[in-house]
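Below, each chain spelled out in residue letters.
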Amino acid sequence: MRPFLLLFLLFPVLELFVFVKVAGSIGFFPALLLIILGSMFGVFVLRIAGLATALRARESLNRGELPAQTMLEGLMLALAGGLLILPGFISDVAGLILLLPFSRRLFANKMRQRAEEQAMRQRAFADDLQPRGGPAPRQPLGREGDVIEGEFEHRDTK
């Protein structure tokens, strides 16, 4: 959790530093215009990516395939659009890298492999926790044949 907190605090400072350096090189208003154009491009990517991902997922379902890879690549496109919307040059470069097809496939494959490994680990631990014969079926209380043990004392009320 600490690396994310550090990144969350450090990232805006790095973005501001890079913006000041770029603005010093090309001027403030051209740098601001680049940031605004990058955000507009990010909105465009998000709108197009959602529609394209839905169409590709539908095509793969019609072929009888699971659209896992398509959905992961769509997630990468959405992440790229979100990074482009964020103001700053570092996030724009990261978003543009995710827009490239080979890097998008690479990251999607890595995510799929990590998810499969995590599922295998969880499945292995779940099998260790269950008894060998499987869980015994539970019956609700109050049915005929249930025995409730206890003690009682008979009192005569006179």
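What you see is a predicted model; the values in this text were computed from it and never measured.

Enquirer: Help me out: how do you make sense of the overall build of the protein in this one?
Expert: Summing up its helical and strand segments, the protein has 5 helices and 0 strands in all. Listed by position from the N terminus, the elements making up the protein come as α-α-α-α-α. Across the 158 residues of the protein, 22% fall into the buried class. Partitioning the intrachain contacts of the protein with sequence separation of at least 6 by distance along the chain shows that 57% fall at a separation of at least 24.

Enquirer: Sorry, what's going on with the UniProt feature "transmembrane region" (unreviewed entry) in the protein here?
Expert: The feature "transmembrane region" (unreviewed entry), as given by UniProt, occupies residues 6-24, 31-55 and 75-102 in the numbering adopted here. Along residues 6-24 the backbone is 100% helical and 0% strand, and the end-to-end C-alpha distance reaches 27 Å. The distance from the first to the last C-alpha atom of residues 75-102 is 15 Å, and the span holds 86% helix and 0% strand.

Enquirer: How should I be thinking about the packing of aromatic side chains in this particular structure?
Expert: A ring pair, where both rings are aromatic, is described by two values, the distance of the centres and the angle of the planes. This model, assessed by the stated rule, comprises 3 aromatic pairs. Taking the centre distance of 6.3 Å and the plane angle of 15 degrees together, the rings of Phe19 and Phe89 count as stacked. Of this pair, Phe19 sits in helix H1 (residues 2-26) while Phe89 sits in helix H4 (residues 89-99), placing them 70 residues apart in sequence. Residue Phe89 is classed as buried on the basis of its relative accessible area, which comes to 15%. Look at Phe28 and Phe29: their rings are 5.2 Å apart centre to centre, the planes differ by 75 degrees, and that puts the pair in the edge-to-face class.

Enquirer: Just to check I follow, could you spell out a nonpolar patch on the surface for this structure?
Expert: Residues Phe28, Phe29, Leu32, Leu33, Ile36, Leu37 and Met40 make up a contiguous nonpolar surface patch of about 710 Å² in total accessible area. Summarising the element assignment, Leu37 is placed in helix H2 (residues 28-62).

What counts and what doesn't
Residues numbered from 1 in each chain as written. Predicted model: local features only at pLDDT ≥ 70, side-chain atom pairs only at ≥ 80, totals over all residues. Heavy atoms only, no water. Helix = DSSP H or I, 4+ residues; strand = E, 2+ residues; numbered from the N terminus. Buried < 20%, exposed > 50% of the residue type's maximum accessible area, 1.4 Å probe, protein only. Contact = heavy atoms within 4.5 Å. UniProt positions renumbered as here; feature names shortened; annotations may be inferred. Phe/Tyr/Trp six-rings, centres within 6.5 Å; stacked < 30°, edge-to-face > 60°. Patch = residues over 30% accessible without salt bridge, like charges linked within 9 Å, V, L, I, M, F, W, Y side chains within 5 Å. Areas by Shrake-Rupley, 256 points an atom, 1.4 Å probe, with all protein chains shown as cover. Salt bridge = Lys/Arg side-chain N within 4 Å of Asp/Glu carboxyl O.

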